[in-house]
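A structural walkthrough
Here's the letter readout for the chains.
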Amino acid sequence: MENQQRNFGTWQLTSIMISSMIGVSILTIPRTSTVLLHQMGWISPILGCLLASLAVAAIVYLGKQFPGTTFVEFMPRIFGTVLGAICVFLFILYQFFNAGITARLFGEVVVTSVLPNTPLEAVIITLLLLVVFLCCHEIEVVARVNELLIPFLLLPSLLIPLVSLMNADWYNLLPFQIESWTNVMKTGLNTYTLYTGYELLMVYFAFAIPGARLGVASMTGMSFALIVYVITVVAGIAVFGYEELQRLVWPTLELIKVTQKTGWFLERFESAFLAIWVASVFTTIGNMLYATIFSLRRLFRKGLRFQQITAIVTMVPLFFLTLVPKNIVELFSFTQQFTTVGLLITIFIPILLAITQFIRNQFNNVREVNNEKGGT
Amino acid sequence: MSQFFQAWQKRKEALQSKALEQYTNKSMESVSDVTLTTNVEENIQLIEAQFGKCDDLVVRRFQTKSKAQAAIVFIDGMVDRNVISDFIIRYMTTPDITYHDPATNELDLTDKLRQIVRNILSGCAVLIIDGCQNAYLNNTRGWDRRSVEEPQTESVVRGPRDGFCETLCVNAALIRFRLKDPNLRVRHMVVGERTQTDIYVMYVDGIAYPPMVEEVIARIESVHVDSVLESGYIEQMIQDRRWSPFPQIQNTERPDKVVANLLEGKVGILVDGTPFVLIAPAVFSQFYQSPEDYYERFYIATLIRLIRIISISIALLLPSLYIAFSSFHPEMIPSRLVIAMAAGRSTVPFPSLIEALFMELAIEILREASVRLPGPIGPTIGIVGALVVGEAAVTAGLVSPVMVIIVAVTTIGSFASPSYSAAIAIRMLRFPVMFLAGMFGLYGIMLFLIVILIHLSSLKSFGVPYMSPLSPLNLTGMKDMFIRAPHHLLKTRPMMFHVQDKTRMREEDNRK
């Protein structure tokens, strides 16, 4: 375990969190959140945020309870060896699949909109090779890379919705009322996946500097993601209207296309946006897969060499997995099903862990008090 | 797999130790470490035996005032002859002077043959007197040295004009002259089994982080090589990552830059025989920071820094952006320009990647040739190059006019970096990114940039992360990263070098 000092600062944790959360899903969010809620679609990221915040709070609590340990160590400690091992296994598997889906989605975007003559495989392979290169380094490199790439994410994700508001028709946002609360709940449960990526903090919190403010880091990250999502959805609805949004595969990309006035010296921006967006997608996939491979390394208590070899070996099945959905429709339905599984793993498991740990602490306190009494 | 690696590593180590044995046999260690006798002639024979038939070894025999036989041994050309004749020979032979030792400014006594040989080789005159077992080692070093001139590689508009020269003690004096601090420490080392090169490690005690200084010294001590002809030998042998294209130790010809860096808690490594002084640790900011930034007012300094950053990005990316735009994303270029570009390219038979590679290669050849050419012909090659590569290539339909502009801007951009060795790294990385742009367009460029960023974030120079203070983020350090804040705001030294004395400026002494 050489070179694994706890040296992640608060800002590094924040940037890890932001860049793990914001990835490909921002490209589809104006559509997915307006399917049921229509013009009130901008509520759904807020609901998703509330749901995810519960899990984030649980993870922060766990991070404070078990400083310096990743989920690989604390899950078995809370749930017992067998159940804990199952949870660890599920978690690793989930990250693995999630990264695969993200890679495939981004590959589809790039191939359909920017590089029409490039095979999908080439885009996915290069992206995965990049991740392998990241996995060849120690974990502190991940934090620094996230920190360096965060401007590539912050600027476009805030600028594009704001600039596209120039074409907005604000009446698209009216009427201001909720038709069905069941739909609100449904969409909320679906759109929390926008925030998946926060669960990686169960790995990265272990390397926080003693004294780093975990709560502040995760709060900043969550609120930033919330703002970005809400203004993106608002911009999408205001520019296109919810009916037109249903017919757009990548609404956020269309937002850039309709924004003509930004071209001072470049005529169209979507290629540039996607090129810059590579950085943010890379950090999402990279953080997920790094966490996966790193937790395998922790599980088997091996060194950096093991991690490098595992990275290379696991990329091969992952690459073939990304090619399983035949087309983009199948990919979207697959993603939909995956959301339900994700709900279990990224929301319920952390919350259950936190509750169990909390109860355990209460019992221990009582026992300690009793012991003290017995002693005197 | 891991067994294979272990076996490979073992073999590598075995080869290394074998090589080490081979050359240590031939080095200074081969001089038998005997002691001198009391007989002059025997001693002379002992010394001459070490040098073999060496015609520039001068042995001058004379009689001292007490009628004892004496001899002085030195190497012609490395000593100051006036000192020897006036202050050693005349001093020792004039009966009026009662003082017995030679009147040189540095005098040592020894009877060890190895030390005597080493001193003769470094320009000392050795005085042997009959009946005395100890030999006098007189410091008579004095050979023709280049005077202190303006540095060739790092010129500034405002700032001192003196640069380092090839002599170690002069270089050390140039630093001392600017930093009259008793805490300035100098550690002397000798590296190079055959060249016996002197090395000074300089640091300011009380500012520099002691473990870092020790690390530098330990790494220099661990260098076993037969020759050190330039500080680049040391640089490449003590750097953290040997396979990285980025310089992890800074080099400079400017004493003011060294002093500024010593005051930031870094360590200077002076190598005899070269005007290039090493500064460790180095961070990424060396690519675009120049000492001049601190001499000009801060608005201008900040602006110039930003211009340098832009020009470095141009030097790295412009040709590949051209390739990406013209072959993958023509829709991004404004429509009138794209028509003009297409018209220019209509006669060009090659894809834009080949076109760009051709032009870049031509300009690299020109640049290398103009460095090697004798002075008076230098400007000629510029004119020939500009005519042939620029105008004629366009007329012949080999390249498009836009490409000529791009190559010109790229080349000029790469000269804007104040550090030559950093600029070379950028110049070299331009080629892989061009290939990637030819394959994947903007996506390829971004992939390459991410690879570079991952590599940069994994780099460390003597324990200091290469990208600091940008990553890990340090807001205090950012005041002197992209912008140059006014001096009254730079009250503390940069923290990333673990400085011991944090304040540069005290609050109460200065006008707010």
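Residues numbered from 1 in each chain as written. Chains lettered and ligands numbered in written order. Predicted model: local features only at pLDDT ≥ 70, side-chain atom pairs only at ≥ 80, totals over all residues.

**Description of the overall build of chain B**
Within chain B, the regular secondary structure consists of 16 helices and 12 strands. C-alpha atoms of chain B, sized along the principal axes, occupy 100 × 60 × 60 Å. The burial tally for chain B puts 37% of its 512 residues in the buried class. Taking all contacts inside chain B whose residues are at least 6 apart in sequence as the whole, residues at least 24 apart take part in 65%. (Helix = DSSP H or I, 4+ residues; strand = E, 2+ residues; numbered from the N terminus. Buried ≥ 20, exposed ≤ 12 C-beta atoms within 10 Å, placed from the backbone. Contact = placed C-beta atoms within 7 Å.)

**Things to note about the overall build of chain A**
Helices and strands together make up the secondary structure of chain A, namely 15 helices and 0 strands. By the compact-globule yardstick of 21 Å for 376 residues, chain A fits well, its C-alpha radius of gyration being 21 Å. If one aligns the C-alpha atoms of chain A with their principal axes, the spans along those axes are about 75 × 50 × 35 Å. Looking at chain A as a whole, 50% of its 376 residues qualify as buried. A separation of at least 24 residues holds for 84% of the contacts in chain A among residues at least 6 apart in sequence. (Rg over C-alpha atoms; globule rule 2.2 N^0.38 Å.)

**Thoughts on the confidence of the model for chain B**
Residue and element names in this part refer to chain B. Within chain B, residue pLDDT values average 86, and 96% of them lie at 70 or more. When pLDDT is averaged over each helix and strand of chain B, the minimum, 68, is found for helix 1 (residues 2-26) and the maximum, 95, for strand 9 (residues 267-271). As a predicted assembly, this complex carries a pTM of 0.89 together with an ipTM value of 0.92. (pLDDT = per-residue confidence, 0-100.)

**A word on the environment of A:Gln12**
Within the secondary structure, A:Gln12 sits in helix 1 (residues 10-21). For A:Gln12, a count of 26 C-beta atoms within 10 Å translates into the label buried. Taking the C-alpha atoms as reference points, A:Gln12 and A:Ala212, separated by 200 residues in sequence, lie 10.0 Å from one another. If we ignore the near neighbours within four places in the chain, the residues touching A:Gln12 are A:Ala143, A:Asn146, A:Glu147 and B:Pro472.

**Quick look at the nonpolar core**
By size, the foremost hydrophobic cluster in this structure holds 209 residues, and its most contacted members are A:Leu127, A:Tyr198, A:Tyr204, A:Ala225, B:Tyr443, B:Ile445 and B:Met446. With 17 residues, helix 10 (residues 214-240) of chain A is the largest single contributor of residues to this core. Viewed by domain, this core spans two of them, domain 2 (168-282) and domain 3 (294-465) of chain B, each represented by three or more residues. When near neighbours in sequence (up to four residues on either side) are disregarded, A:Ala225 contacts A:Ile18, A:Met21, A:Ile22 and A:Tyr195. Core analysis: the second largest hydrophobic core is formed by 23 residues, B:Phe74, B:Val83, B:Cys124 and B:Val126 among them. (Core = buried A, V, L, I, M, F, W, Y, C linked by C-beta atoms within 7 Å. Domains from an automatic or database assignment.)

**A look at the interface of chain A and chain B**
By a widespread convention, an interface's size corresponds to the accessible area lost as its parts come together. Taken together, the contact between chain A and chain B spans 30 residues of the former and 28 residues of the latter. Counting residues per element, the ones that place at least two in the side of chain A that touches chain B are helix 1, helix 6 (120-135), helix 7 (139-164), helix 13 (270-300) and helix 14 (304-322) of chain A. Its residues assigned to classes, the side of chain A that touches chain B shows 19 nonpolar, 6 polar and 5 charged. (Nonpolar A, V, L, I, M, F, W, Y, C, P; charged D, E, K, R; others polar.)

**Digging into the environment of A:Tyr195**
Residues and elements named next belong to chain A. Relative to the elements of secondary structure, Tyr 195 occurs in the loop between helix 8 (181-191) and helix 9 (201-204). Residue classification places Tyr 195 among the buried positions, given that 28 C-beta atoms sit within 10 Å. As a C-alpha pair, Tyr 195 and Ala 55 span 140 residues in sequence and 11 Å in three-dimensional space. Once residues within four sequence positions are removed from consideration, Tyr 195 is found in contact with Met 21, Gly 48, Cys 49, Ala 52 and Ala 225.

**A short note on the sheet that holds strand 1 (residues 57-63) of chain B**
Residues and elements named next belong to chain B. In spatial order, the strands read 1-2-4-5-3; together these 5 strands make up an open sheet with antiparallel pairing. In the strand order of this sheet, the two ends are held by strand 1 and strand 3 (107-110), each with one partner. The sheet shows a mean angle of 20 degrees between the axes of neighbouring strands, direction not considered. Strand direction decides the pairing type here: strand 1 and strand 2 (residues 69-75), joined by 7 bridges, are antiparallel. Of the residues in strand 2, the one forming a bridge with Arg 60 is Ile 72. Helix-sheet contacts for helix 2 (residues 40-51) involve strand 1, strand 2 and strand 4 (124-129), and the interaxial angle to strand 2 is about 15 degrees. (Pairing = 2+ DSSP bridges. Axes fitted to C-alpha atoms, helices over the stretch in contact; angles between N-to-C directions.)

**Let's talk about the confidence of the model for chain A**
Averaged over all residues, the pLDDT of chain A equals 88, while 96% of them reach at least 70. Within chain A, no element has a lower average pLDDT than helix 15 (residues 328-375) of chain A, which sits at 84, and none a higher one than helix 6 of chain A, at 94.

**Describing the domain arrangement of chain B**
Assigned domains within chain B: domain 1 (31-139), domain 2 (168-282) and domain 3 (294-465). Taking only C-alpha atoms, the centre of domain 1 of chain B and the centre of domain 3 of chain B are 60 Å apart.

**Concerning the UniProt feature "transmembrane region" (unreviewed entry) in chain B**
As recorded in UniProt, the feature "transmembrane region" (unreviewed entry) lies at residues 306-325, 380-399, 405-426 and 433-456 of chain B. Structurally, residues 306-325 of chain B comprises 100% helix and 0% strand, and the distance from its first C-alpha atom to its last is 25 Å. (UniProt positions renumbered as here; feature names shortened; annotations may be inferred.)

**Notes on unusual backbone geometry**
Here A:Leu174 and A:Pro175 are connected by a cis peptide whose omega angle stands at 0 degrees. Within the fold, A:Pro175 resides in the loop between helix 7 and helix 8. The omega angle of the peptide bond from B:Ser468 to B:Pro469 is 5 degrees, so this bond is cis rather than trans. Structurally, B:Pro469 can be placed in the loop between strand 12 (464-465) and helix 16 (475-478).

**Looking at helix 12 (residues 251-258) of chain A**
All names here are of chain A. A large share of helix 12 lies buried, amounting to 6 of its 8 residues. Taken residue by residue, helix 12 has Pro 251, Thr 252, Leu 253, Glu 254, Leu 255 and Ile 256 as its buried positions. If you follow the buried residues of helix 12, they end up packed against helix 2 (29-32), helix 5 (81-113), helix 7, helix 10, helix 11 (242-245) and helix 13.

**Considerations on the environment of A:Gln39**
Residues and elements named next belong to chain A. Within the secondary structure, Gln 39 is located in the loop between helix 2 and helix 3 (43-65). Sequence separation between Gln 39 and Gly 241 is 202 residues, and the spatial gap between their C-alpha atoms is 7.3 Å. For Gln 39, the residues in contact, after removing those within four places along its chain, are Asn 172, Leu 173, Leu 174, Pro 175, Ile 237 and Tyr 242.

**Here we look at the pairing of strand 4 of chain B**
For a regular strand, the rule is simple: side chains alternate between the two faces of the sheet. Residue and element names in this part refer to chain B. Of all 6 residues that make up strand 4, 6 are buried, and the element is covered over most of its length. Note that strand 2 and strand 4 share 4 bridges and pair antiparallel. Paired with Val 73 across the strands is Val 126, a residue of strand 4. Of the pairings in the sheet, the one linking strand 4 to strand 5 (residues 135-139) comprises 4 bridges and is antiparallel in character. Paired with Ala 125 across the strands is Asn 138, a residue of strand 5. Taking the residues between adjacent antiparallel strands as the criterion, strand 4 and strand 5 are bridged by 5 residues, where Gly 131 takes a positive phi near 90 degrees.

**Observations concerning the sheet that holds strand 8 (residues 250-252) of chain B**
Within a beta sheet, neighbouring strands are joined by backbone hydrogen bonds and run either parallel or antiparallel to one another. Residues and elements named next belong to chain B. The antiparallel open sheet is built from 5 strands, whose spatial order is 6-7-9-10-8. Looking at which strands have only one partner, the edges of the open sheet turn out to be strand 6 (184-191) and strand 8. For this sheet, the mean inter-axis angle between neighbouring strands, taken without regard to orientation, is 25 degrees. Where strand 6 and strand 7 (residues 197-204) come together, 8 bridges link them in antiparallel fashion. Of the residues in strand 7, the one forming a bridge with Arg 185 is Tyr 203.

**Regarding the packing of helix 9 (residues 298-327) of chain B against helix 11 (residues 352-372) of chain B**
All names here are of chain B. Viewed as axis vectors pointing N to C, helix 9 and helix 11 meet at an angle of 160 degrees, and their least axial separation amounts to 9 Å. The pairing of helix 9 with helix 11 is recorded here as roughly antiparallel in orientation. As helix 9 packs across helix 11, the resulting crossing turns out to be right-handed. On the side of helix 9, the interface is formed by Pro 319, Tyr 322, Ile 323, Ser 326 and Ser 327, while helix 11 contributes Ser 352, Leu 353, Ala 356 and Glu 360. Residues of the contact of helix 9 with helix 11, tallied by class, amount to 5 nonpolar, 3 polar and 1 charged. (Parallel < 35°, antiparallel > 145°, perpendicular 65-115°, else oblique. Left-handed = near helix turned anticlockwise from the far one by under 90°.)

**Regarding the packing of helix 7 of chain A against helix 10 of chain A**
Each pair of packed helices can be described by the angle between their axes along with the distance between the axes. Residues and elements named next belong to chain A. Relative to each other, helix 7 and helix 10 sit at 25 degrees, their axes nearing to 9 Å. Considering the angle they form, helix 7 stands roughly parallel to helix 10. Crossing geometry of helix 7 relative to helix 10 is assigned as left-handed. Contact residues: helix 7 offers Ser 157, Leu 158, Pro 161, Leu 162 and Ser 164, while helix 10 offers Val 228, Ile 231, Thr 232, Ala 235 and Val 239.

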